[in-house]
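Listed here are the chains, written in short residue letters.
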Number of protein chains: 2
Amino acid sequence: MLEELGRFCAEEIAPLNLPGDREGSRCDAGRVTTPGGFRAAYDKFVQMGWQGLPHPVEYGGQGLPRTVGAAAGEILNAANMSFALCPLLTDGAIEALRHFGSHQMKAVYLPKLVAGHWTGTMNLTEPQAGSDLALLRTRAEAQGDGTYRITGTKIFITYGEHDLAENIIHLVLARTPDAPRGVKGISLFLVPKVLPDGSRNRVTCQSIEHKLGVRASPTCVLNYEGATGFLIGSENAGLEYMFTMMNAARFAVGVQGVAISDRATQQALAYAQSRLQGRPVDGSTPGAVAIIQHPDVRRMLSHMRATTEACRALAIFAAGWQDRGDAAMTEFLVPLVKGFSTEMAVQVTSLGVQIHGGMGFIEETGAAQHYRDARILPIYEGTTAIQANDLLGRKTLRDGGTTATRIAAMIAETEAALGGGSSVARDIAARLGAARQDFEAAVAYLLAASTNEAYGGAVPYLMLAGNLVAGWQMARSVLAGEAFAGDRDFMAAKAATARFYARHILPDTGLQRARIIQGAASLLDAAV
Amino acid sequence: MLEELGRFCAEEIAPLNLPGDREGSRCDAGRVTTPGGFRAAYDKFVQMGWQGLPHPVEYGGQGLPRTVGAAAGEILNAANMSFALCPLLTDGAIEALRHFGSHQMKAVYLPKLVAGHWTGTMNLTEPQAGSDLALLRTRAEAQGDGTYRITGTKIFITYGEHDLAENIIHLVLARTPDAPRGVKGISLFLVPKVLPDGSRNRVTCQSIEHKLGVRASPTCVLNYEGATGFLIGSENAGLEYMFTMMNAARFAVGVQGVAISDRATQQALAYAQSRLQGRPVDGSTPGAVAIIQHPDVRRMLSHMRATTEACRALAIFAAGWQDRGDAAMTEFLVPLVKGFSTEMAVQVTSLGVQIHGGMGFIEETGAAQHYRDARILPIYEGTTAIQANDLLGRKTLRDGGTTATRIAAMIAETEAALGGGSSVARDIAARLGAARQDFEAAVAYLLAASTNEAYGGAVPYLMLAGNLVAGWQMARSVLAGEAFAGDRDFMAAKAATARFYARHILPDTGLQRARIIQGAASLLDAAV
């Protein structure tokens, strides 16, 4: 099934990536037109049933586990991140309705959304309320007939208006007139573009943004002018619902990081294999060679490949815990998938530009688009700092380090198993052990530190933990490979990549440990 | 004088940065039009005599030292990198003619170039010859009258055609028919757009590139169709001339890195001071505060500020050695200024986007432009790998580590002096000593390593050395401050920034050391 999706994406979706970026979506008097080819491709996507892949069979989906959903999400996003954002947001709306919608709401909306005939959006941000939802002002007034009148302006609404589907189901955070102040007074509403009676709802697209990347996807300013909305769940519980959905959305964005890293790596590899430039430094060939033969190009490609494979393994690992229903592990891992994989995607796509040299700076080459597209990933669905505060506060300090300690113990078991393996396995075990000790030292420090000291080290802690858990998965892949009787070349490459990761990327945990533990005082005193 | 330049750039040049990016340069049937306002601003730039600032008095310049030239270059580039590229290339042409032009050539061209009435270009790259000049094919045939006919296509020619000045002086690398193969058969020619007799030379702009950044500056494909050229110096010595000029050009690009970092930092600081979002993690305020009060925003801003100040100090330090005529120190430091400051500029401008959150991804905000503009810096005038190979091969291995050892000894003297200072000074001394030892260990390893092992570590070595020497300048600024009776607040901020650098950025030398020494084998074996 994944191979079939790969074929479809390679043939139908990926070719729209570069022209879609150049053309962009257009907004004209409230109507949004996606770039050429998007509509036909979306129709095929719907016909083939891809939207329903991870969703329940009872609403027309295929009910596949999250591990498979993660792999599918990577393929679609690697083909075209701008295109993939539309199904990604629909996934979020499905998730919300499935958990919190009424029986009737599910019956009306879920089959259409799961089929992809209708698409979904998330409406959180307002001009004065980004990361801080306590500041939001959009109002919802009960009409006495069970519906609400929604009034306000929402910004940064991905696919908030478009021409791909016949209806758009907006999930909107708003306040009722008598709601408590702050985040405890936020409710969640379903506001369809087209109402069940077929009439057009009072929500309009005012404009779309001129963005650094994902330019084919329309990012809308939506005006709600007394639009009809339907309450999801109970009043004032909106934030709680959002938190439940956030794990899925944040995980999906982390997978986007893996996807764009993989695409950048594939493109850089192809260029490095074909571009002839420079003699080898060791003098082994008299004329110009493919640049992949130069040690630093090899270093950059290995860095891209190892990072991508490690972040992919981290994502699938996290999805596995979610499939098994282990809440503590899932909750700990999701900010790593979101935070670490997306920060790495920025670095990997930057290396992709660098490998292309001057050609990388020319938009026609495509490497620059990946670099631009990747830059949104550490920002939307919660910035890296928001992920890090979540990891530190809710997932580490709140349970007194229990889950962190559990993970460290599991890593120590892998080290022990590697110790009985090949010389490469033992080498990796030593580096993994050093990184685990950096993690344990950081956790011990953070549990004892003052609030400001601890949160000043939150992002370094996320980067340390993400690197460690991703590197751990690379180490586990070596163990699996040494017990595997299949494709030896594939497994040898895997081991070499894991060793590169252990030697070149994993040692960054020492730097992050120093920033957390020795860096706190200098941060609090710093001149800014 | 620098304050006057700052005023001029703030009022006349900086306001053209964002609109210039949006409008871009246009090419229409060989004519290139720069964005609105560029021509009037360039006229004022010329009238005020800024082009001549670092150039000899005998040709109409002001003859100021390179330390002052570096500061001036930073100001102009911080205002508008696309605009500043035109004078930057003219500087390069002046440098070349001053060193290698005939007496008559100097008399005809230098006064016009130094005044800024004419501008200069460097024509190295061809489609098949980027970093590898051995592959270039442009031909130069002697005409028997002392001139040459130049035929070929050059790409990536910055300001190769434009409407800012009445003439453009192209310096072109080409081969004579009987030249030796490879880089020993390259000659340098002066090819004016308008010949001394007033006729138009046979060089035309075929097109300009659609680029990731510096979009206001035209990057041209130039066709030479039997254009009249004048030999500079002797035949087949072109590469030697280029190397002499490269120090100046590479240094100037390093200064661009400082400049764009400074602009990104100023913009992020202003945003962080005004954007209200989120309560403080320590609960010290009940409502939303300016985001600068959040520990991670503070960390990012401190990182931006400390990096910018350290890279600035590194550049001025290198310029000082050049002013004093110490060739060995200058040659060692230039690849650090170019390589380290530009890689840091990519990181700093990325943090600038991150601090803006979602707004950073919207082009109107301006943060994204700095991020796009900065990305060319580690590529042009020699990629970071080219700088690193130069640092390793010509500047470290060739003299058996003599200059590297000299620098390490100077750093140890600074450590000793700091040891007698305040507790902050002693703290910095300890971190600086650890970083110096990482450098010494890396140099010892690289001197003994095989060619492929050593060059696989070239970029980590450049990043280690750049970080160390930049951090050393921060430490020296603390020493200077403790002996200084002037502005105490300024000096206290300097010391706090130096301490932040020592605690958060300098420890990266340990990671680079591990990559160089423990990472070589895993790189040579890596699957790519």
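Numbers given to residues run from 1 along each chain, matching the order in which its sequence is written. Here the convention is simple: chains get letters from A, ligands get numbers from 1, in the order in which they are written. Only residues with pLDDT of 70 or above have their local features reported here, since the model is predicted, and side-chain atom pairs are shown and tallied only from 80 upward, although totals for entire chains, interfaces and linings are computed over all residues. Only hydrogens and water are set aside when side-chain values are computed; all heavy atoms of the structure are taken into account.

Enquirer: It is not clear to me how the side chain of K106 of chain B should be interpreted in this structure. Could you clarify?
Expert: All names here are of chain B. One can find K106 in helix α6 (residues 103-115). No salt bridge is formed by the buried K106; its nearest oppositely charged neighbour, E58, is found at 7.1 Å. In this analysis, two residues are considered to be in contact whenever any of their non-hydrogen atoms come within 4.5 Å of each other. The contacts of K106, once residues within four sequence positions are left out, are Y59, L97, R98, G101 and P111. In this text, helices come from DSSP runs of H or I with a minimum length of four residues, and strands from runs of E with a minimum of two, each type numbered from the N-terminal end. Three exposure classes are used, based on accessible area relative to the maximum for each residue type with a 1.4 Å probe and protein chains only: buried under 20%, partly exposed in between, and exposed over 50%. Within this scheme the basic residues Lys and Arg register as positive and the acidic residues Asp and Glu register as negative, but His and the chain ends are omitted. One speaks of a salt bridge when a side-chain nitrogen belonging to Lys or Arg is within 4 Å of a carboxyl oxygen belonging to Asp or Glu.

Enquirer: Can you help me understand helix α9 (residues 327-355) of chain A in this one?
Expert: Structurally, the α-helix is built with 3.6 residues per turn, so residues lying three or four positions apart point the same way. By definition here, a helix of n residues has an expected span of 1.5 Å times n minus one. Relative to the 42 Å expected for 29 residues at 1.5 Å per residue, α9 of chain A spans 41 Å between its end C-alpha atoms, a close match to the ideal helical length. Each polar contact in these results corresponds to two N or O atoms within 3.5 Å; when the atoms are within protein, one needs to be able to donate a hydrogen and the other to accept it, and residues that are neighboring in sequence are counted only if both atoms are side-chain atoms. In this structure D326 of chain A caps α9 of chain A, since a side-chain oxygen of it lies 3.4 Å from the backbone nitrogen of A328 of chain A.

Enquirer: Please clarify how the UniProt feature "domain: Acyl-CoA dehydrogenase/oxidase N-terminal" (unreviewed entry) in chain A should be interpreted in this entry.
Expert: UniProt positions are given in the numbering used here, feature names are shortened, and annotations may be inferred rather than shown by experiment. In the numbering used here, UniProt assigns the "domain: Acyl-CoA dehydrogenase/oxidase N-terminal" (unreviewed entry) feature to residues 3-116 of chain A. Split by type, residues 3-116 of chain A is 66% helix and 5% strand. Its first and last C-alpha atoms lie 21 Å apart.

Enquirer: In this structure, what is going on with empty space enclosed by the protein? I would like to understand it.
Expert: Which parts of space are left empty comes out when a probe the size of a water molecule is rolled across the atoms. Residue and element names in this part refer to chain B. Grid points spaced at 1 Å over the protein atoms alone were grouped into cavities, where a 1.4 Å probe fits but cannot get out, and pockets, open sets with protein on both sides within 12 Å along at least five of seven lines, with lining residues defined by an atom within 4 Å of a point. Grid points are joined across faces, edges and corners, and a volume is the space filled by probe spheres set on the points. All chains considered together, the criterion is met by three cavities of 30 Å³ or more. For the largest cavity, the calculated volume is near 50 Å³. Lining the largest cavity are A70, A71, E74, V255, V258, R312, A315 and I316. Those elements giving two or more residues to the lining of the largest cavity turn out to be α4 (66-79), α7 (238-274) and α8 (295-323). Classifying every residue of the lining of the largest cavity by side-chain character gives six nonpolar, no polar and two charged. Counting only domains with at least three residues in the lining of the largest cavity, you end up with domain 1 (2-236) and domain 2 (237-278 + 288-382). What lines the second largest cavity is simply G160, E161, H170, K193, R200, V203, T204, C205 and L222. Following the grouping adopted for this structure description, the nonpolar residues are Ala, Val, Leu, Ile, Met, Phe, Trp, Tyr, Cys and Pro, the charged ones are Asp, Glu, Lys and Arg, and the polar ones are all others, Gly among them. Those domain boundaries reflect an automatic or database domain assignment.

Enquirer: I'm lost on the packing of helix α11 (residues 384-397) of chain A against helix α13 (residues 423-448) of chain A in this one. Help?
Expert: The packing of two helices is summarised by the inter-axis angle and the distance between the axes. All names here are of chain A. The axes used here are C-alpha line fits, helices contributing only the stretch in contact, and every angle between their N-to-C directions lies in the interval 0 to 180 degrees. Here α11 crosses α13 at 90°, and the two axes come no closer than 12 Å. As judged from the angle between their axes, α11 and α13 are roughly perpendicular. Where α11 approaches α13, its residues L392, T396 and L397 are matched on the opposing element by V443, L446 and L447. Between 65 and 115 degrees an angle is taken as roughly perpendicular, under 35 as roughly parallel, over 145 as roughly antiparallel, and anywhere else as oblique.

Enquirer: Help me out: how do you make sense of the pattern of salt bridges in this one?
Expert: Once the charged atoms of two side chains with opposite charge are near each other, the side chains can pair. All told, the structure shown has 52 salt bridges over all chains when counted by the stated rule. Here R215 of chain A ties to E363 of chain B by a salt bridge, and the two come within 3.7 Å at their closest N and O atoms. In this pair, R215 of chain A is assigned in the loop between β8 (203-208) and β9 (219-232) and E363 of chain B in the loop between α9 (327-355) and α10 (367-374), connecting two distinct chains. The burial state of R215 of chain A is the same as that of E363 of chain B; both residues are buried. With its nearest N and O atoms 2.7 Å apart, the salt bridge here joins D21 of chain B to R372 of chain B. A residue pair is termed long-range when its members are at least 10 positions apart, and D21 of chain B in helix α2 (residues 17-23) and R372 of chain B in helix α10 qualify at 351 residues.

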